[in-house]
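# Overview (structure and organization)
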Amino acid sequence: MADRSKTLTTGFGMPVDNDLNSVTAGPKGPVLVQDVHLIEKLAHFDRERIPERVVHAKGAGAHGWFEVTRDVTAYTRAKFLSKVGKKTDVFVRFSTVGGERGSADSERDPRGFAVKFYTEEGNYDMVGNNTPVFFIRDPLKFPDFIHTQKRNPASNLKDPDMFWDFLSLTPESIHQVTILFSDRGTPRSYRNMNGYSSHTYMWYNAKGEHSWIKYHFKTEQGIENFAGPEAERMRGVDPDVATRDLHAAIAAGKHPAWRVEVQIMTPEQAKTYRFDPFDITKVWPHADFPPVAIGRMVLDRNPENYFAEVEQAAFSPGNFVLGIGPSPDKMLQGRLFSYHDTHRHRLGPNYHLLPINAPKAAPMASYQRDGAMRFDGNGGGGPNYWPNSFGAPAPDPAYAVPSIEVSGTAARHAITLGDVDFVQAGALFRKVMTDTDREHIVANIVGNLKGAQRRLQLRQTALFYKADAEYGGRVAMGLGLDVNEVKKLAAMSQEDRVKATAA
Ligand code: NDP
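The next thing to look at is the overall build of the chain. Looking only at helices and strands, the chain features 15 helices and 10 strands. With the principal axes as the frame, the chain shows a C-alpha extent of 85 × 70 × 50 Å. Per-residue burial for the chain yields a buried fraction of 48% across its 503 residues. A sequence separation of at least 24 residues applies to 71% of the contacts in the chain between residues at least 6 apart.

What follows covers the nonpolar core. One finds W164, F464 and V475 to be the most contacted residues of the largest nonpolar core, which totals 45 residues. Where this core is concerned, the elements lending two or more residues are α2 (142–149), α3 (160–168), α4 (174–180), α10 (420–432), α11 (435–449), α12 (454–467), α13 (469–479) and α14 (483–491). Counting residues per element, this core draws most heavily on α12, at 7 residues. Residue contributions to this core reach at least three from each of two domains, namely domain 1 (59–132 + 188–351) and domain 2 (136–169 + 422–503). Aside from chain neighbours lying at most four places away, what touches W164 is V177, F181, N448, L449, A452, Q460 and F464. Among the nonpolar cores identified, the runner-up in size contains 35 residues, and F117, Y124, Y190 and A242 belong to it.

A turn of α-helix holds 3.6 residues, and therefore any two residues three or four places apart point the same way. Among all positions in α14, only V486, L489 and A490 are buried. Projected onto a plane normal to the axis of α14, the buried residues spread over an arc of 100° and lie on a single side. Pointing more than 90 degrees away from the buried face of α14 are the exposed residues N484, K488 and A491. On its buried face, α14 sits against α12, α13 and α15 (494–500).

The subject of this paragraph is the pairing of strand β2 (residues 87–96). For β2, the tally of buried residues reaches 8 of 10 residues, placing the bulk of the element in the interior. As defined by bridge partners, strand β1 (residues 59–68) adjoins β2 across 9 bridges and the pair is classed as antiparallel. Within β2, the position partnered with G61 by the bridge is R93. By the bridge criterion, 7 bridges tie β2 to strand β3 (residues 111–119) in an arrangement that is antiparallel. In the sheet register, S95 faces β3, and the bridge partner there is G112.

Every one of the 16 residues lining the ligand counts as a neighbour, but H175, R184, N194, Y196 and H286 are closest to it. Between an oxygen atom of the ligand and a side-chain N or O atom of N194, the distance comes to 2.9 Å. With respect to the ligand, the side chain of Y196 contributes an N or O atom lying 2.5 Å from an oxygen atom. Considering the ligand on its own, with 780 Å² of exposed area, one finds that the protein chains cover 76% of that surface. For the shell around the ligand, the leading source of residues is α10, giving 3 residues. Class assignment of the residues belonging to the shell around the ligand gives a composition of 7 nonpolar, 7 polar and 2 charged.

For the rest of this paragraph, the subject is unusual backbone geometry. Note that the residue after G29, namely P30, is joined by a cis bond; omega there is 5°. If you trace the backbone, P30 turns up in the segment before α1 (36–46). The omega torsion across W386 and P387 is 5°, close enough to zero to call that bond cis. As for its placement among the helices and strands, P387 is situated in the loop between α9 (330–347) and α10. The phi dihedral of N156 is positive, around 60°, even though this residue is not glycine. By secondary structure assignment, the location of N156 is in the loop between α2 and α3.

What follows is about the packing of aromatic side chains. Under the defined criterion, the tally for this structure stands at 30 aromatic pairs. Ring centres of F94 and W258 lie 5.7 Å apart, and the angle between their planes is 35°; on these two criteria the pair is classed as tilted. Remark: W258 occurs in strand β8 (residues 257–265) and F94 occurs in strand β2; sequence separation between them is 164 residues. Among the residues examined, F94 registers a relative accessible area of 0% and is labelled buried. Between the aromatic rings of Y273 and F289, the centroid separation amounts to 5.2 Å while the plane-to-plane angle is 75°, which identifies the pairing as edge-to-face.

Where α12 contacts α14, the axes come no closer than 8 Å and their chain directions differ by 70°. It follows that α12 is roughly perpendicular to α14 by the angle criterion. The handedness of the crossing between α12 and α14 comes out as right-handed. Between α12 and α14, the residues in contact are R454, L458, T461, A462, Y465 and K466 and V483, E485, V486, K487, L489 and A490, respectively. A per-class count over the contact of α12 with α14 returns 7 nonpolar, 1 polar and 4 charged.

Along its sequence, the chain is carved into domain 1 (59–132 + 188–351) and domain 2 (136–169 + 422–503). Centre-to-centre separation of domain 1 and domain 2, based on C-alpha positions: 28 Å. Between domain 1 and domain 2, the residue contacts involve 17 residues of the former and 11 residues of the latter. Buried surface at the junction of domain 1 and domain 2, summed over both partners, amounts to about 1200 Å²; 51% is from carbon and sulfur atoms. For the pair domain 1 and domain 2, the number of links is 2 salt bridges. The closest approach of N and O atoms between E100 and R151, which form a salt bridge, is 2.6 Å. Among the elements that take part in the side of domain 1 that touches domain 2, α9 stands out by supplying 3 residues, more than any other. Partitioned by chemical class, the residues of the side of domain 1 that touches domain 2 number 7 nonpolar, 5 polar and 5 charged.

As for its position among the elements, F464 is in helix α12. A relative accessible area of 0% places F464 in the buried class. C-alpha separation for the pair F464 and A425, spaced 39 residues apart in sequence, amounts to 8.5 Å. In contact with F464, not counting residues within four places along its chain, are W164, I174, V177, I445, L449, Y471, G472 and V475.

Thresholds applied
Residues numbered from 1 in each chain as written. Predicted model: local features only at pLDDT ≥ 70, side-chain atom pairs only at ≥ 80, totals over all residues. Heavy atoms only, no water. Helix = DSSP H or I, 4+ residues; strand = E, 2+ residues; numbered from the N terminus. Buried < 20%, exposed > 50% of the residue type's maximum accessible area, 1.4 Å probe, protein only. Contact = heavy atoms within 4.5 Å. Core = buried A, V, L, I, M, F, W, Y, C linked by side-chain atoms within 4.5 Å. Domains from an automatic or database assignment. Arc of directions from axis to C-beta. Pairing = 2+ DSSP bridges. Near = heavy atom within 4 Å. Polar contact = N/O pair within 3.5 Å; in protein donor to acceptor, adjacent residues only side chain to side chain. Areas by Shrake-Rupley, 256 points an atom, 1.4 Å probe, with all protein chains shown as cover. Nonpolar A, V, L, I, M, F, W, Y, C, P; charged D, E, K, R; others polar. Phe/Tyr/Trp six-rings, centres within 6.5 Å; stacked < 30°, edge-to-face > 60°. Axes fitted to C-alpha atoms, helices over the stretch in contact; angles between N-to-C directions. Parallel < 35°, antiparallel > 145°, perpendicular 65-115°, else oblique. Left-handed = near helix turned anticlockwise from the far one by under 90°. Buried area = accessible area lost by both parts, 1.4 Å probe. Salt bridge = Lys/Arg side-chain N within 4 Å of Asp/Glu carboxyl O.

Shown next, in the form of C-alpha cells:
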C-alpha cells in the first residue's frame, strides 16, 4: 500500500482506488449509483459556485502590513495606531463595481479598495473606493442606482438610456460622474491608483474627545491610467489585466505600497463648515483640511487560494475597533447594514468564522450560536446567554463609544443643495485637470452619452454646463447638440429641466 498521507480520499477520508473510471455494469455501462465517490464528486462540483457579490463581484486581493509613521494618539485610542513603528497585518481586496465576476478589469467604473486590519482589538475594515466621493448621498437610492449600472431587464445589455436617465435625474452625481469619466475611471492597474474612505468617520481619543476624519491611501507607484481607447482595447487583449498585474508584481518581489493620510476636522469646524462634511458627494478641500501622513501600507504576499482568501473575504464598514466609529453620513449608515447582510446571504450567517474573516490577533467571544456551517466549537458547554453568573465573557464599559448629540424630526428629509452640488465638479474640470485630461474626459463622455436618447443627452449635458460652461459646451459640441439649448436648460431649476426633457 502507498503512503496513506499521499492517498486520494473522498471528502470523508475514505481512500479512493481509481479516479478515472466510474463503476459501471459491464464496460459499456450503465453507471451504478453505488459509485459513491462519483456521486459525491459530481454533487460537490454542482455546488461550487456561491452567489456573486451584487456589486464588486470581480476582484483581486493580497496580504500585507500597515505601519504607523506618526503619533495620532491625540485623536484616536485605536491600539493598532498607538505607536510609531507599530505594524498590523492586513488583507486588501481591489475590485470593479458594476461588472460580473468574469467582466473585464479595464471597464470604466470606480474601483473598490477594501482593507482588513487584523488588529489586537478585533478586525477593522476600511471599505473605500479609488474615488473620494460617490454618486448619491442617500442609501434609499442605492439599489436603483446599481440597477442602472448593470443590464437592461429585457435585453440583458448595458443600457446608456438607463445609465444617463438616472444620473441626469440625480444632479448630486455630477462630481463623481466627472471623476468617473476622467482617465481615473480606467486605472492602468490596482497598484497605480489611490484609495479613499470617501465617507467621514469618527476618531476618538482616550479622553473621549472625538474628531471627524477621512482616509486617503496614496499610491507610491504613482497614478497611471488607461486613456479611453486603450482601456477599450485592453478589454479584449487582457480582460484580467489588473488581476494579473497585482499578482505578477508581488510574485516578482515588487511590493506595492501606499502612504496613508488622514484629513482631520474638529466637531466645532464641522458645525460651521460651508457645506455638510458628512455629504459623500463632496471632498474636503486640501487647503482647508491638509492631509497628514500617518502610516504606510505594503502588500507583499499573494493569496495561496483565490476562492478561500479573495472570494470568501468579506468586508464591512461596520467592523470598527475602539477609537474609531461611524459618522452621521447617510450613505455610510446604509452600508453599515448592507455589507454584513449581503455576506450572510452570500456566505452564510457564520461567515465571520472563515479563516480570512476571523480575527487573527484578538480573541472572539460572543453569544452567537448555531446557524448553518458553524464549524468552530460553537461556544462548547459554556453559557449561551447574557447576563449570566458563570464567569462567561462580559461586556466591558471601557469600550463605550463617546456619545454625540443628535436631534431632529423623523421624516424623509430631502437634501436639495442646488448649485452647491456643481461647485467641486466645476473646480475639478477647470482648476485641477490638464488640457489633456479635459480632452479625454470630453471624448470619454461623448463616446458613451451618444448612445442615449437625445433628450437625455440634453438633460445630462446641461448638468455638465452647470458645473462649467466650457465643460458642458464641449460635450454639447461633441454630441452635435445646440449649445444655446443646453445653456437654456442649464439655467432652469432641475424640476423644470426634467419637464422640458420629458419623454
Ligand atoms: P487641490 O488642488 O488641493 O487638490 C486637487 C486634487 O485632485 C489632487 O491633489 C489630486 O488628488 C486630485 N486630482 C488630480 N487630478 C485629478 C483627476 N484627473 N481626477 C480626479 N482627481 C484628480 O484642490 P481641492 O482639495 O480644493 O480639490 C479640488 C478638486 O479636486 C475637488 O473638487 C475634487 O474634485 C478633486 N479632488 C480632491 C480631493 C480632496 O480630498 N480634496 C481628492 C481627490 C480629488 P489626490 O492627491 O488624492 O490624487
